[in-house]
Amino acid sequence: MSSPDISVVICVYTEDRWEDILAAVASVRAQSRPALETLLVVDHNQALLDRLAGEYKEAGDVRVLANAGPRGLSAGRNTGIAASRGDVIAFLDDDAVAERDWLRHFASSYADPRVMAVGGRTEPIWASGRRPAWFPEEFDWVVGCTYRGLPRGLVRVRNVLGGNASFRRSAFDTAGGFATGIGRDGDKRPLGCEETELCIRLTRALPEAVLLIDDRAVIHHRVPKAREHFGYFRTRTYAEGLSKALVARSVGADKGLESERRYTTRVLPAGVARGLRDAVLARPGGAGGRVRSSPECSRRPVGTSWGVSGRAGAAPRSPWRRSRGVPVAEVRVPILMYHAVATDPNDATRALSVTPDAFARQMAVIGDLGLTPVTTADLAARWRTGRPLPPRPVLVTFDDGYEGVHRHALPVLAKHGFPATLFVSTGWLRGAYDTGGGLDRMLDWDQVRQLADAGVEIGGHSHSHPQLDQLDDDALRFELTRCRDIVAGELGALPVSFAYPYGYSSHRVRQEVRATGYAQALAVGNGLARRHQGPYALRRVTVRRSTGLEEFERLIEGRAIARTFARDRALTKGYAMVRRARQVRRKATRTRV
């Protein structure tokens, strides 16, 4: 079967997840390899059934069904299997979104007739925007995600994980469907393991069957705040034990607990050792580690000063050296400026793009060095009030609004629990306000909302991305207010941070940015940010496709920045003189007219 038809089953049960359900379906409909159909199976909720039927009544590729069996996830999946028409049936959680190539990666493995099931990698999207510092990655299975310790790549496994999995139809013909009484029923116990029991049953009935996990088949699973607390962790792990007991009773303790023994004897000891190492090195998340401060946003526009007296003294050699004892005015902060994150970007964005692999490695360096990412609003609020900065702060920012920020960067940020800031040019994003100026594939507003929900601060970057210092007053005001109003209308909150397109500004531009309601703004400058630069001229460091890992580490440590960007600075100063001359000529022309 070189190209199987794939039906996707999404089991749903509550209207509280309405937006999540729509997002899950949209992610299936946007697949690079289209699904044959999407089946929404509603678990004994007539109101939700009627609402979804109305939502998708015109959609030929989406069918809404009632669970034909007893209440619970297993019966819902069995209903979807019976109603589906595909050669392969894939399952997606109702509070998850699949990456665009999810089904394509699933399909590729079924060319081998021995393959009966293929699962993927599930990444958490924390409602608070970051992983709780006490929550080890080895326990990500508690929140329905892929945990540290699972092998990477395309590997053979005992069982796939049901929220991100696919099965050949003949697997159900051989082994039967999911067993009821094991899987989820709302929030009642026991809470899982139905896919484990099915997979063990399948390999016993068909010993030559191959079950795989392909970690390129990625989905992103929302973790609500209620599940970020230790109380849920304790309850969920206890419930897992009950479910494992039922599985062992059904299929025997040898296979039923085979992976669990490996997890207990190998994965957990390695995690404990890692935690002790991180504690010794004072890294976030180590044993007895600290919880990072949460971002704070000031919603009031401020003047050109920070509102706190004091003058910067000599900067320490490292931007964070003695960061707890140095006055906030003296701390230097690397603000990283990214644009596109893409494997094969357009020529117009290639130089300022980074590959997904490079971005992942760079974020790993930030984590390994124990830096603390913060948002633009958080940094500015701390400098404005004089509150202490977190240890070794760093900012991750993205300009323009390229789709790769959602597709490639968000999963990496979520993995590390890093916040970030995205500055959007509203006229470049796909949707009702699109002016057609985007340089590559851009985000749409649903993706921007998902980024915001995941803890990414959304800031302004003008409407059509012009050189703001070359505009007259009316055009400048339009670019700033149009951008502000669209972001506020789409996200329900005014943006408080701004980034100048191309990094170009002037005193007039900065004053208008302040008057529009932005509380802080970022330039470029290719230097570390310091409080004395003022809230409307904070410098950033450019990360581009040619930035190697050693150079990246030097940049975030504040070493050799002047030498690295010497050519850029010379060109910037020269072109600034040209732009000022052009502006003077335009003013003179308008005066004569």
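Residues numbered from 1 in each chain as written. Predicted model: local features only at pLDDT ≥ 70, side-chain atom pairs only at ≥ 80, totals over all residues. Heavy atoms only, no water.

(A) Fine view of the overall build of the protein chain. A count of helices and strands for the protein chain gives 19 helices and 17 strands. Taken over 593 residues, the protein chain has a buried fraction of 54%. A separation threshold of at least 6 residues defines the contact pool for the protein chain, and within that pool the share at least 24 residues apart is 73%. Surface accessibility of the protein chain: about 25100 Å² in total, with carbon and sulfur atoms responsible for 51%. (Helix = DSSP H or I, 4+ residues; strand = E, 2+ residues; numbered from the N terminus. Buried < 20%, exposed > 50% of the residue type's maximum accessible area, 1.4 Å probe, protein only. Contact = heavy atoms within 4.5 Å. Areas by Shrake-Rupley, 256 points an atom, 1.4 Å probe, with all protein chains shown as cover.)

(B) Spatial organisation of the side chain of D95. By secondary structure assignment, the location of D95 is in the loop between strand 4 (88-92) and strand 5 (96-98). A relative accessible area of 7% places D95 in the buried class. Polar side-chain contacts of D95 include one of 3.1 Å to the side chain of H221. Setting aside anything within four residues of it in sequence, one finds D95 in contact with R17, D20, H220, H221 and R222. (Polar contact = N/O pair within 3.5 Å; in protein donor to acceptor, adjacent residues only side chain to side chain.)

(C) Quick peek at the packing of helix 11 (residues 356-368) against helix 17 (residues 549-556). One can describe the packing of helix 11 onto helix 17 by two numbers: an axis separation of 10 Å at closest approach and a directional angle of 45 degrees. Here helix 11 is positioned oblique relative to helix 17, judged by the angle of their axes. Between helix 11 and helix 17 lies a crossing of right-handed hand. Across from R361, Q362, V365 and I366 in helix 11, the residues of helix 17 making contact are L549, F552, E553 and I556. In terms of residue class, the contact of helix 11 with helix 17 is built from five nonpolar, one polar and two charged. (Axes fitted to C-alpha atoms, helices over the stretch in contact; angles between N-to-C directions. Parallel < 35°, antiparallel > 145°, perpendicular 65-115°, else oblique. Left-handed = near helix turned anticlockwise from the far one by under 90°. Nonpolar A, V, L, I, M, F, W, Y, C, P; charged D, E, K, R; others polar.)

(D) Spotlight on the packing of helix 1 (residues 18-29) against helix 2 (residues 46-55). Interaxial distance between helix 1 and helix 2 falls to 12 Å at its minimum, and their mutual angle equals 40 degrees. On the basis of their axis angle, the class for helix 1 and helix 2 is oblique. Both helix 1 and helix 2 take part in a crossing whose hand is right-handed. Packed against helix 1, whose contacting residues are W18, I21 and L22, the element helix 2 presents L48, R51, L52 and E55 at the interface. When its residues are assigned to classes, the contact of helix 1 with helix 2 shows five nonpolar, no polar and two charged.

(E) Fine view of unusual backbone geometry. The phi torsion at S462 lies on the positive side, around 80 degrees, for a residue other than glycine. One can find S462 in the loop between strand 14 (456-460) and helix 15 (473-491).

(F) Representation of the side chain of T79 within the structure. With respect to the helices and strands, T79 occurs in helix 3 (residues 73-83). Of the residues examined, T79 reaches a relative accessible area of 11% and is grouped as buried.

(G) Quick look at the packing of aromatic side chains. Scanning the entire structure with this criterion turns up 14 aromatic pairs. Here F498 and Y500 contribute two aromatic rings whose centre-to-centre distance is 5.8 Å and whose plane-to-plane angle is 70 degrees, an arrangement assigned as edge-to-face. Each member of the pair F498 and Y500 is classed as buried. Each member of the aromatic cluster is reached from another via a ring pair, and the members are F91, F167, F172 and F178. Taking the ring centre of F178 as reference, the NZ or CZ of R77 above it sits at 5.3 Å. (Phe/Tyr/Trp six-rings, centres within 6.5 Å; stacked < 30°, edge-to-face > 60°. Lys NZ or Arg CZ within 6 Å of the ring centre and 35° of its normal.)

(H) Looking closely at the pattern of salt bridges. Scanning all chains against the criterion turns up 29 salt bridges. Between D95 and R17 there is a salt bridge, and its shortest N-O distance comes to 3.4 Å. With D95 in the loop between strand 4 and strand 5 and R17 in the loop between strand 1 (6-12) and helix 1, this pair connects stretches of sequence that are 78 residues apart. Residue classification places R17 among the buried positions, given a relative accessible area of 15%. Bridged by salt links that share partners, the residues E403, R407, R430, R441 and D444 form one connected network. (Salt bridge = Lys/Arg side-chain N within 4 Å of Asp/Glu carboxyl O.)

(I) Highlighting the confidence of the model for the protein chain. Summarising the model, the protein chain shows a mean pLDDT of 81, and 75% of its residues fall at 70 or more. Scored below 50 in pLDDT, residues 276-285 shows 13 contacts in the model against residues more than four places distant or in partner chains. (pLDDT = per-residue confidence, 0-100.)

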